[in-house]
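Coordinate inspection notes
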Amino acid sequence: RAAEEADEDMKYNFEELREAVEANSIEALRTKSREFIDAYIAHQTTKDERRAKRIQSMQKNLNTIRKKLSEASHDLRYDHLTGAFNRKSFEEELKHQWHTHQLTKVPCTLIALDIDFFKRINDTHGHAVGDFVLQECVRLLKEIYSRPQDMVARIGGEEFAVILPEYKLDQAIKKAEETLKKVRGEVFIQDGKELRFTLSMGVAELTGAESTEAWLKRADEALYRSKSTGRNRYTIANTSKSVPRVA
């Protein structure tokens, strides 16, 4: 509506200028020319301001859309509670590393792990404290497995997995030992409560002959071997027998 009124004003000013020209009056022409120029400048300034506001509004809308798309993408890839990658992202990365290994033979090792006696933590202290423990566990894992290519994922309630591209078994074992020692040494305070927890782990290097399902199964079997032989330890998975070890 404002734009239409501005256009009407310009038409009116132009008609007055035309009439001044036809009247052949120098004074009237000078006055109407000045009025027309002033009106034209004001009109263009207003149009530029409206255009700038429209562009600004469009940019704001685009930024909002980008933010929502980014948030949606994040929600699809990450666990909302802990900030670790979720199960879907983990399975995709596991397949990606499997394909990479088939092409390049670059090693990759998988660590499956979970928090020992997590149900007892929930039952004793409540789910809010349990959530806190999950978050702190991921924070520690991200500190230890901090290379850009490392993936820390939450794949179940208190179950996690770490994918270590370019790591052979012996390198992954050192990281597993570091993880156990660091977690054992931590004391967490939440709601005035002093908390400690430990981890059980299974370590499996990818072999060329196995599928991603078989690779994950070996890591899981090694993890549960750790749990059944005392917890708070890691077990090396291999093609024959898993051997539990306490770091």
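The structure reproduced in this document is the subject of the present report. (Residues numbered from 1 in each chain as written. Predicted model: local features only at pLDDT ≥ 70, side-chain atom pairs only at ≥ 80, totals over all residues. Heavy atoms only, no water.)

As for the overall build of the chain
Heads up, the rule is: Helix and strand assignments come from DSSP, with helices taken as H or I runs of at least 4 residues and strands as E runs of at least 2, each series counted from the N terminus. Accessibility here uses a 1.4 Å probe with only protein chains present; expressed as a share of the type maximum, an area under 20% marks a residue as buried, one over 50% as exposed, and anything in between as partly exposed. Any pair of residues with heavy atoms lying within 4.5 Å of one another is described as a contacting pair. Surface accessibility follows the Shrake-Rupley procedure with a 1.4 Å probe radius. Residue values consider only the protein chains on display as shielding.
Each helix and strand counted, the chain has 7 helices and 8 strands in total. Counting every position in the chain, which comprises 247 residues, the buried fraction comes to 37%. Here the analysis covers contacts within the chain between residues at least 6 apart in sequence; of these, 61% occur between residues at least 24 apart. Taken as a whole, the chain presents about 14600 Å² of accessible surface, with 53% of it coming from carbon and sulfur.

Section: the packing of helix α5 (residues 127–144) against helix α6 (residues 169–184)
Stated formally: To get an axis, a line is fitted to the C-alpha atoms, and for a helix only the part in contact is used. The angle between two axes follows their N-to-C directions and goes from 0 to 180 degrees. Note that the term roughly parallel is reserved for angles under 35 degrees, roughly antiparallel for angles over 145, roughly perpendicular for angles of 65 to 115, and oblique for everything else. Take the far helix as your reference; a near helix turned counterclockwise from it by less than a right angle gives a left-handed crossing, and one turned clockwise gives a right-handed crossing. Think of it as three bins: nonpolar holds Ala, Val, Leu, Ile, Met, Phe, Trp, Tyr, Cys and Pro, charged holds Asp, Glu, Lys and Arg, and polar takes everything else, Gly as well.
Following both chains from N to C, one finds α5 and α6 inclined at 140°, their axes separated by 11 Å at the closest point. Put simply, α5 runs oblique to α6. Judged by the sense of rotation from one axis to the other, the crossing of α5 with α6 is right-handed. Residues Leu140, Leu141, Glu143 and Ile144 of α5 touch α6, and the partners they reach there are Lys175, Glu178, Thr179, Lys182 and Val183. Broken down by class, the residue content of the contact of α5 with α6 amounts to 4 nonpolar, 1 polar and 4 charged.

A short note on the pairing of strand β6 (residues 199–205)
Taken residue by residue, a regular strand's side chains alternate between the two faces of the sheet. Which entries qualify depends on this criterion: A pair of strands is considered paired only if DSSP assigns at least 2 bridges between the two.
Across the 7 residues that make up β6, a large majority, 7, are buried. Here β6 shows no split at all, with Leu199, Met201, Val203 and Glu205 on one side and Ser200, Gly202 and Ala204 on the other all buried. Strand direction decides the pairing type here: strand β1 (residues 108–115) and β6, joined by 7 bridges, are antiparallel. Pairing of aspartate 114 across the sheet is with serine 200, part of β6.

Remarks on the nonpolar core
Which entries qualify depends on this criterion: The nonpolar core is taken to be a set of buried Ala, Val, Leu, Ile, Met, Phe, Trp, Tyr and Cys residues, with the residues joined through side-chain atoms within 4.5 Å.
Counting residues in each nonpolar core, the largest one holds 34 residues, and the members touching the most others are Ile111, Ile115, Tyr145, Phe197, Leu199 and Met201. The set of elements that each furnish at least two residues to this core consists of β1, α4 (118–125), α5, β3 (159–165), α6, β6 and β7 (234–236). Counting residues per element, this core draws most heavily on α5, at 9 residues. Judged by nonpolar contacts, the second largest core, of 19 residues, contains Leu94, Cys108, Met151 and Ala204.

These figures come from the coordinates and say nothing about function on their own.
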